[in-house]
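# Chain and residue survey
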Amino acid sequence: MMVSTTFGYHAAEDRIWLSCTGWPHRLWLTRRLVHDLLVLATRALEAAPPAQADARPAAERVAAEHDDSLNRPRAGESAQPLRPGRESAGAPELATAELCLQVGMQCNAEQAELVFRTAGGERRLLLTRPGLHRWLHALHRLLTSARWHEWPPLSDWLTRSHLPPALQALLRVPPEADGNAPAQRR
């Protein structure tokens, strides 16, 4: 079964809300919990065996897998843009949201399962590995817009730009345009 998740930042609560089709209520995720989730997910992806034989170091292999997941749709997938969820401060869905107390994760070469524990029980989210990479990328984009940066840096493959190299080159400002051109000798 295909599931859809949406999350957004709620400034008044200074929390992330997460909803998933099939869950009875949304979840509130605190800064600490989101940090723990990102650390757990990056470590699990790097520790899980690759789907195919790959002798590269784990971080390099997962970085390539992350780039591939973001830039190449799989057969039968439609390319949908990532958009953060938006809710008014008094949205009824947020009034019934449950606080997530702990997160766990199991990951293998094919898929990952996130387990969110609340006072009301567990909420599970099963994702393919490419789906997990996209999910983490969307979450990281949301954290960037919420300005949640006070924790130590995360894995480079999660935080760097994932635009294809040709697009990255178009967006770079040439050194001479920003006043930081190297001195030239004549």
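Here's a quick rundown of the structure. (Residues numbered from 1 in each chain as written. Predicted model: local features only at pLDDT ≥ 70, side-chain atom pairs only at ≥ 80, totals over all residues. Heavy atoms only, no water.)

### Comments concerning the pattern of salt bridges
- On inspection of all chains with the given rule, the structure shows eight salt bridges.
- With a shortest N-O distance of 2.9 Å, Arg 129 and Glu 65 are connected by a salt bridge. Remark: Glu 65 occurs in helix α2 (residues 58–71) and Arg 129 occurs in helix α4 (residues 129–146); sequence separation between them is 64 residues.
- Given a relative accessible area of 3%, Arg 129 falls into the buried group.
- Between Arg 124 and Glu 113 there is a salt bridge, with its nearest N and O atoms 3.3 Å apart. Of the two residues, Arg 124 sits in strand β6 (residues 121–128) while Glu 113 sits in strand β5 (residues 111–118), which places them 11 residues apart along the sequence.
- Overall, Arg 124 belongs to the partly exposed group, its relative accessible area being 42%.
- Where salt bridges share partners, they join Glu 113, Arg 117, Glu 122 and Arg 124 into one cluster. (Salt bridge = Lys/Arg side-chain N within 4 Å of Asp/Glu carboxyl O. Helix = DSSP H or I, 4+ residues; strand = E, 2+ residues; numbered from the N terminus. Buried < 20%, exposed > 50% of the residue type's maximum accessible area, 1.4 Å probe, protein only.)

### Describing the packing of helix α1 (residues 31–47) against α4
- Across the interface, α1 lies against α4 with an axial gap of 12 Å and an inter-helix angle of 145°. In the crossing of α1 with α4, the sense of the turn from one axis to the other is left-handed. From α1, Val 34, Leu 37, Leu 38, Ala 41 and Leu 45 reach across to α4, where they touch Arg 129, Leu 132, His 133, Trp 135, Leu 136, Leu 139 and Leu 143.
- Residues that form the contact of α1 with α4 fall into these classes: 10 nonpolar, one polar and one charged. (Axes fitted to C-alpha atoms, helices over the stretch in contact; angles between N-to-C directions. Left-handed = near helix turned anticlockwise from the far one by under 90°. Contact = heavy atoms within 4.5 Å. Nonpolar A, V, L, I, M, F, W, Y, C, P; charged D, E, K, R; others polar.)

### Observations concerning α4
- Between its terminal C-alpha atoms α4 stretches 26 Å, which fits the 26 Å expected from 18 residues at 1.5 Å a residue.
- In terms of burial, α4 is a largely internal element, 14 of the 18 residues being buried.
- The opening residue of α4 is Thr 128, an N-cap whose side-chain oxygen sits 2.9 Å from the backbone nitrogen of Gly 131.
- Looking one or two residues beyond α4, the residue adopting positive phi is Arg 147, at roughly 65°. (Expected span 1.5 Å × (residues − 1). Polar contact = N/O pair within 3.5 Å; in protein donor to acceptor, adjacent residues only side chain to side chain.)

### Side note on the sheet that holds β5
- A sheet is described by the order of its strands in space; here six strands give the open sequence β1-β2-β3-β4-β5-β6, paired in mixed fashion. Only two strands of the sheet have a single neighbouring strand rather than two, namely β1 (5–10) and β6. Put simply, the sheet's adjacent strands are angled 35° from each other on average, direction ignored.
- Pairing analysis gives three bridges linking strand β2 (residues 15–20) to strand β3 (residues 27–29), with the strands arranged antiparallel. In the strand pairing of β3, Ile 16 is matched with Leu 29.
- Contacts from α1 reach β2, β3, β4 (98–107) and β5 within the one sheet, and its direction differs from that of β4 by about 5°. (Pairing = 2+ DSSP bridges.)

### Considering the pairing of β5
- Here β4 pairs with β5 via seven bridges, running antiparallel. When the bridges of β5 are listed, Gln 102 appears paired with Arg 117.
- Taking the residues that link successive antiparallel strands as the turn, the β4-β5 hairpin has three residues.
- Bridging between β5 and β6 involves eight bridges; their strand directions are antiparallel. Among the inter-strand pairings, Glu 113 is bridged to a residue of β6, identified as Leu 126.
- Linking β5 back to β6 in an antiparallel pair, the connection comprises two residues.

### Observations regarding the nonpolar core
- Ranked by size, the top nonpolar core spans 37 residues in total, and within it Phe 116 and Trp 135 carry the most contacts.
- Tallying contributions element by element places α4 first for this core, with eight residues.
- Of all hydrophobic cores here, the second largest spans five residues; its members include Trp 17, Trp 28, Leu 94 and Ala 97. (Core = buried A, V, L, I, M, F, W, Y, C linked by side-chain atoms within 4.5 Å.)

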